[in-house]
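# Descriptive structure summary
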Amino acid sequence: MSTVICYLSKRGTTEYCAKRLADLIDDSVEIVDVRKNPVGPDWSACDTVILGVPIYGGDIEREFKQFVRENWRYIMAKRLALFICGMLEKKSEAEIKTAYPEQLLRRAFLTENFGGRVYQDKLGFFERIAFRMVTKIKEDYSNLSEEKIAAFAERVNAARSAAAEGSGDGAGSKADSGDEAANKPKTSEKEIL
Ligand SMILES: Cc1cc2nc3c(=O)[nH]c(=O)nc-3n(C[C@H](O)[C@H](O)[C@H](O)COP(=O)(O)O)c2cc1C
């Protein structure tokens, strides 16, 4: 069994995080850009799913929501970890809740905001204005945390090893996120959305 990281990225930061995680996770990892592959991976081949999405204007892109909706039953059946890329650290908790439906959050054994980065010359005129309004930042800026990415990967590795040794997902698992559920879809998206 392998790990799949499904992400959306507008300007490369979330993609960078997905690739860093893939380097740090001790497993064969498939990376899926949901804009290029909205159908998703071969879900039967993986037991661990990581989702990652950036925050813009307090929300996430419609395509990502659609990807999650359309693949709900598969995602809910796997060992699940979720991240966002957002610069507003104080809003991390609220933005994670905005990015992911409540049931996905309950299902996940791990959630994190890795921070974000912006290069002003990559922004269009209106986006530059919107960015300044939201963040009050006028320069290039990064608060992306390599430490958080590494710690996240470590917990994914720990969960996989614990499951391999037969002791659940080993990472503060929640009631219905045990390994026995990893490949058995229980809930259809129609029941949820
Ligand atoms: C126009 C604009 C609006 C943004 N709004 C938010 C926001 O509401 N909350 C937040 O935490 N970060 C916000 N950010 C920061 C982005 O989440 C950050 O740059 C992230 O790294 C982008 O990821 P990406 O490169 O994968 O698209 C905003 C950035 C821009 C350019």
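Structural data are supplied above this passage.
A brief look at the structure comes next. Position numbers for residues start from 1 in each chain and track the written sequence from start to end. Since the coordinates come from a predicted model, pLDDT governs what is reported: local features require at least 70, and pairs of side-chain atoms require 80 or more to be given and counted, while whole-chain, interface and lining totals use all residues. In computing side-chain properties, one takes all heavy atoms of the structure into account and sets aside hydrogens as well as water.

## What to know about unusual backbone geometry
A positive phi is found at Lys136, a non-glycine position, where the angle reads about 65°. Helix and strand assignments follow DSSP, with helices taken as H or I runs no shorter than four residues and strands as E runs no shorter than two, numbered in order from the N terminus. Counting through the fold element by element, Lys136 comes out in the loop between α6 (125-135) and β7 (141-142). For the exposure calls, accessible area comes from a 1.4 Å probe over protein chains only, and a residue counts as buried if that area is under 20% of its type's maximum, exposed if over 50%, partly exposed in between. Overall, Lys136 belongs to the exposed group, its relative accessible area being 67%.

## What to know about the layout of surface pockets
Put simply, the largest pocket is a space of about 450 Å³. Of the grid points, spaced at 1 Å and generated over the protein atoms alone, those admitting a 1.4 Å probe that cannot get out make up cavities, while open sets with protein on both sides within 12 Å along at least five of seven lines make up pockets; any residue with an atom within 4 Å of a point is treated as lining. Lining the largest pocket are 26 residues, and of these Ile55, Tyr56, Gly57, Val118 and Phe131 lie nearest its centre. Per element, the largest residue contribution to the lining of the largest pocket is five residues, and it comes from α6. Here the nonpolar group is Ala, Val, Leu, Ile, Met, Phe, Trp, Tyr, Cys and Pro; Asp, Glu, Lys and Arg are the charged ones; every other residue, Gly included, is treated as polar. Taken together, the residues that form the lining of the largest pocket break down as 11 nonpolar, nine polar and six charged. Grid points are joined across faces, edges and corners, and a volume is the space filled by probe spheres set on the points.

## Observations regarding the site of the ligand
We define proximity as follows: a residue is near a molecule or strand when any one of its heavy atoms falls within 4 Å of that partner. The local shell around the ligand holds 23 residues, among which Ser9, Thr14, Ile55, Tyr56 and Gly58 are the closest. In the analysis that follows, any N or O atom pair within 3.5 Å is treated as a polar contact, provided that within protein one partner can donate a hydrogen and the other can accept it, and provided that, for residues neighboring in sequence, both atoms belong to side chains. Side-chain polar atom of Thr14 to an oxygen atom of the ligand: 2.7 Å apart, as the coordinates give it. Backbone polar atom of Gly57 to a nitrogen atom of the ligand: 2.9 Å apart, as the coordinates give it. Throughout, the Shrake-Rupley method with a 1.4 Å probe supplies accessible areas, and for residues the shown protein chains are the sole cover considered. For the ligand, whose accessible area on its own is 640 Å², the fraction buried by protein is 97%. Under a 2 Å grid-point criterion requiring more than half of the atoms, the pocket assigned to the ligand is the largest pocket. Elements supplying a minimum of two residues to the shell around the ligand: α1 (13-24), β6 (117-118) and α6. Ranked by residue count, the leading element in the shell around the ligand is α6, at three residues. Partitioned by chemical class, the residues of the shell around the ligand number 10 nonpolar, eight polar and five charged. A molecule is said to be in a cavity or pocket once over half of its atoms fall within 2 Å of that pocket's grid points.

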